[in-house]
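Reading the structure
If you want the building blocks of each chain, they are given just below.
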Amino acid sequence: MTTPGPEHRLGRGHHHGARPELDGLEQVEVAVAFVDLAGYSVLTEMCGDHEAAELALRLAEHARRALHPQARLVKTIGDAVMLTADTTDAMLATITALAGHAADEDGFLALRAGIHHGTALRRDGDLYGHAVNIAARITALAGAGHAVLTDPLLPAATRAGVPTTALGPRNLRNISTPIELHSITFTDTRHPHDPICGARIDPATAPAHRHTDTGRWWFCSADCARRFDRATAPATTTAAATTYVTSPAGSALTSRAGGR
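Fair warning: this is a prediction, and the values are worked out from it, not measured in the lab.

**Notes on the pattern of salt bridges**
- Applying the stated criterion across every chain, the model contains eight salt bridges.
- Between arginine 72 and aspartate 86 there is a salt bridge, and its shortest N-O distance comes to 2.9 Å. Of this pair, arginine 72 sits in strand S5 (residues 71-77) while aspartate 86 sits in the loop between strand S6 (80-85) and helix H3 (88-103); the two residues are 14 residues apart in sequence, bridging distant segments of the chain.
- For aspartate 89, the salt bridge identified is with arginine 159, shortest N-O distance 2.8 Å. Taken together, the positions of aspartate 89 in helix H3 and arginine 159 in helix H5 (residues 154-160) put the pair 70 residues apart, joining distant regions of the chain.
- Assessed through its relative accessible area of 34%, aspartate 89 is described here as partly exposed.

**Structural notes on the packing of helix H1 (residues 40-47) against helix H2 (residues 49-66)**
- Across the interface, H1 lies against H2 with an axial gap of 7 Å and an inter-helix angle of 140°. The pairing of H1 with H2 is recorded here as oblique in orientation. Of H2, the residues touching H1 (which contributes Tyr40, Leu43, Thr44 and Cys47) are Asp49, Glu51, Ala52, Ala53, Leu55 and Ala56.
- Looking at the contact of H1 with H2 residue by residue, the classes come out as seven nonpolar, one polar and two charged.

**Some points on H2**
- The terminal C-alpha atoms of H2, which comprises 18 residues, lie 26 Å apart, in line with the 26 Å expected from a rise of 1.5 Å per residue.
- For H2, every residue scored as buried is listed here: Ala52, Leu55, Ala56, Arg58, Leu59, Ala60, His62, Ala63 and Ala66.
- Looking at the buried positions of H2, the neighbouring elements they touch are strand S4 (25-37), H1, S5, S6, H3 and strand S7 (111-123).

**Regarding the nonpolar core**
- Ranked by size, the top nonpolar core spans 37 residues in total, and within it Leu83, Leu111 and Ile115 carry the most contacts.
- Every element with two or more residues in this core is listed here: S4, H1, H2, S6, H3, S7, strand S9 (146-150) and H5.
- For leucine 111, the residues in contact, after removing those within four places along its chain, are Val35, Asp36, Leu37, Leu59, Leu98, Ala99, Ala102, Gly143, Ala144, Gly145, His146 and Phe186.
- Core analysis: the second largest hydrophobic core is formed by 10 residues, Val28, Val30, Ala120 and Val132 among them.

**Description of the confidence of the model for the protein chain**
- This prediction gives the protein chain a mean pLDDT of 80; 74% of its residues lie at or above 70.
- Summarising per-element confidence for the protein chain, the mean pLDDT is lowest in strand S14 (residues 241-246) (40) and highest in S6 (97).
- Per-residue pLDDT stays below 50 along residues 1-13; that stretch engages in 32 contacts with residues further than four places along the chain or on separate chains.
- A low-confidence stretch, residues 249-260 stays under pLDDT 50, and its non-local contacts, those more than four residues away or across chains, total 34 contacts.

**So, the packing of H2 against H3**
- Put simply, H2 and H3 touch, their axes get as near as 8 Å, and they point 130° apart. What the angle tells us is that H2 and H3 run oblique. Like other packed secondary-structure pairs, H2 and H3 cross with a definite hand, here right-handed. Contact residues: Leu59, His62, Ala63, Arg65 and Ala66 in H2; Thr94, Ala97, Leu98 and His101 in H3.

Calculation rules
- Residues numbered from 1 in each chain as written.
- Predicted model: local features only at pLDDT ≥ 70, side-chain atom pairs only at ≥ 80, totals over all residues.
- Heavy atoms only, no water.
- Salt bridge = Lys/Arg side-chain N within 4 Å of Asp/Glu carboxyl O.
- Helix = DSSP H or I, 4+ residues; strand = E, 2+ residues; numbered from the N terminus.
- Buried < 20%, exposed > 50% of the residue type's maximum accessible area, 1.4 Å probe, protein only.
- Axes fitted to C-alpha atoms, helices over the stretch in contact; angles between N-to-C directions.
- Parallel < 35°, antiparallel > 145°, perpendicular 65-115°, else oblique.
- Contact = heavy atoms within 4.5 Å.
- Nonpolar A, V, L, I, M, F, W, Y, C, P; charged D, E, K, R; others polar.
- Expected span 1.5 Å × (residues − 1).
- Core = buried A, V, L, I, M, F, W, Y, C linked by side-chain atoms within 4.5 Å.
- pLDDT = per-residue confidence, 0-100.
- Left-handed = near helix turned anticlockwise from the far one by under 90°.

This is how it looks when you write it as structure tokens:
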């Protein structure tokens, strides 16, 4: 990260004279990332506010543990964390370490992230500006278990031996020009997902499980198991029908009514 000289310290508006509230803003080159919990809204509805709040707090704890010496946790925002790093290498190391910590934890949700490097304004540890906006926008494009990156992150991914997949140019909301994007896949989790709320479950300690013609399923609670039973129960109609239930983890459960 560059240390700005006096010419980069912003405290004066172009058209309005002195702006005391802008004193202390520094222009810096920085890597910015947002990481959140995929399927968090579904889990909140299924499992309640307390369970959801606990997961958000645990994400922040994992982020602190994963920080590279040149990276910092800027703040938590609901079920997301905002991270910054002096270099793209430090940011990528932090993100992959965070994903590894989350993958090892029973009952956790899959992560998704957006990472960008560019110019931002910094004051009191927080960041503002175009680079921050891009990182936030591309996070929404990431699927569960993936991070979306911009071009400046590619050399760091190559040095770390992390494979990337080109996504091509994308138009982002309130960003005037298309941005070239790429994705990486996080470390696979050791445990299956609850097909209802998306939480990862250790089969050895799962409160409930089901064995159906579509596979074996484990659940974080008896309530999720009951929801699964209702979603996959044969319909009472005599007409053949197919019902698809899409889980936050991305799997599709299929139940067939009629002709069984």
